[in-house]
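Working through the structure, step by step
Single-letter residue listing:
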Amino acid sequence: MDVDTRLLRYFVAIAEEGSLTRAAERLFVSQPALTKQIRQLETLLGTALFTRSRSGMALTPAGRTLLTKAPDLLSGWDLALRETRRSADHPARVLRVGFLAGAANESTPEIVAAFGRCRPGWRVDMRQAAWSDPAAGLTTGDVDVALLRLPFPGQETLRVEPLFTEPRWVALPSAHPLAVRDGIPFRDLWDEPFVAAPPETGRWRDFWLAVDEREGHPVRIGAVTDQPDAWLGAIANGYGIALAPASSARFHARPGVTYRPVSGVAPSGVGVAWVPACETDPAVRDFVRCCRDSFPAPPPDGTPD
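Given the structure is predicted, the values throughout are model-derived calculations rather than measurements.

Parameters and conventions
- Here the residue index of a chain counts from 1 through its sequence in written order.
- Reporting in this predicted model follows two pLDDT cut-offs: at least 70 for local features of residues, and 80 or more for side-chain atom pairs to be given and counted; totals over whole chains, interfaces and linings ignore these cut-offs and use all residues.
- For the side-chain quantities, the full set of heavy atoms in the structure was used; hydrogens and water were omitted.
- Take the buried Ala, Val, Leu, Ile, Met, Phe, Trp, Tyr and Cys residues and link them wherever side-chain atoms come within 4.5 Å; each set so joined is a nonpolar core.
- The buried label goes to any residue with under 20% of its type's maximum accessible area, the exposed label to any with over 50%, and the partly exposed label to all in between, with areas taken from a 1.4 Å probe on protein chains only.
- The contact criterion used is simple: two residues touch if any of their non-hydrogen atoms lie within 4.5 Å.
- When a carboxyl oxygen of Asp or Glu lies within 4 Å of a side-chain nitrogen of Lys or Arg, that pair is called a salt bridge.
- What makes two strands pair is DSSP finding at least two bridges between them.
- Secondary structure elements are defined from DSSP: runs of H or I of at least 4 residues count as helices, runs of E of at least 2 residues count as strands, and each element is numbered from the N terminus.
- Angles here are taken between N-to-C directions and fall from 0 to 180 degrees, while the axes themselves are lines fitted to C-alpha atoms, restricted in helices to the stretch in contact.
- To pair, rings of Phe, Tyr and Trp, with the six-membered ring standing in for Trp, must have centres within 6.5 Å; the planes then decide the type, stacked if under 30 degrees apart, edge-to-face if over 60, and tilted in the middle.
- Think of it as a cone above the ring: NZ of Lys or CZ of Arg counts as a charge over the ring if it is within 6 Å of the ring centre and within 35 degrees of the ring normal.

Our focus in this paragraph is the nonpolar core. Core analysis: the biggest nonpolar cluster contains 68 residues, and Val145, Leu147, Phe186, Leu189, Trp231, Val272 and Phe287 have the highest contact counts within it. When sequence neighbours within four positions are dropped, the list of residues in contact with Leu189 reads Val170, Leu178, Ile184, Phe194, Ile241 and Val262. Counting residues in each nonpolar core, the second largest holds 20 residues, with Leu34, Leu49, Met57 and Leu66 among its members.

Shown next, in the form of structure tokens:
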């Protein structure tokens, strides 16, 4: 009997999250679709893997047994898949690095140059992902390592090295009445329509809507986009406003869009991430070290060097 590895991934996600809702968010699938896939796996195995209740999903004895084996199976398959894809895409000496617009920004060339000095003859293949994939191809095996905005869905299943944080600002149409202010309390933005990421991005979307910092105030969605150009266009055309990293004022400047500091929201982080299966990959480890060296930790007293 052959079992699709996707079904095993779904099973592990539910077991780790203890909730269909959280697992669906982590996997970027709908809850009904996830329920259907788990039932398919249970049918294939001929046994129930979970008991379902209002409090969540609990493993049956059979489910607990499968959970002891599935992660190693998936890790081995991930490693084989990544090495195969790397060989097919680029015969040798190429590291595939995923990234999102507005991740490491001006530090990216420095990181790539440092990696080149560390590994002469190697090349970094930078692959930009849409905001609909906050993991930038990492979870699908399309890249070996990624520079990402934190937090992102599925982060807890990966290895993540935080690099730096920066404030979240707001991007507004330049004609917006609030655009003339030097700074804006987030509370003053609660009733504004927001330009949002696609709903399937779950916690990523919620973070950039600052759902946890609204004290229960509902969010108004004016537009949904997953690319920087469409995002800027929606703001400039007056469909909504959006929270953004402060560096967006430099990297995503556009006529008709004004950026202003916002108080009352937590900062955004940037990190380098990789899958556990690549933990011992020398090229990945060198790239992570180059990232870390580009953002040295501040002195213990918090003062700059």
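Enumeration according to the criterion identifies 13 salt bridges in this entry. Note that Arg181 and Asp188 form a salt bridge whose closest N and O atoms lie 2.7 Å from each other. Asp188 gets classed as partly exposed once you look at its relative accessible area, which sits at 35%. A salt bridge links Glu215 to Arg187; its shortest N-O distance comes to 3.2 Å.

Here the focus is the sheet that holds strand β3 (residues 94-100). On the basis of which strands lie adjacent, the open sheet formed by five strands has the order β4-β3-β5-β13-β6 and mixed pairing. Lying at the two open borders of the sheet, with one neighbouring strand each, are β4 (123-129) and β6 (159-166). The sheet shows a mean angle of 20 degrees between the axes of neighbouring strands, direction not considered. Where strand β5 (residues 145-150) lies against strand β13 (residues 268-274), five bridges are found, and the strand directions are antiparallel.

Pairing geometry for strand β9 (residues 193-196) and strand β10 (residues 220-224), over four bridges, is parallel. Pairing of Phe194 across the sheet is with Ile221, part of β10.

We describe a pair of aromatic rings using the distance from one ring centre to the other and the angle between the two ring planes. Per the counting criterion, the structure on display carries seven aromatic pairs. On the numbers, 5.2 Å between centres and 90 degrees between planes, the contact of Phe207 with Trp208 is edge-to-face. You can call Phe207 buried: its relative accessible area is 15%. Among the residues examined, Trp208 registers a relative accessible area of 12% and is labelled buried. Site record: aromatic cluster; members linked through ring pairs are Phe115, Trp122 and Phe287. Against the face of Phe207 rests Arg168, its NZ or CZ located 3.9 Å from the ring centre.

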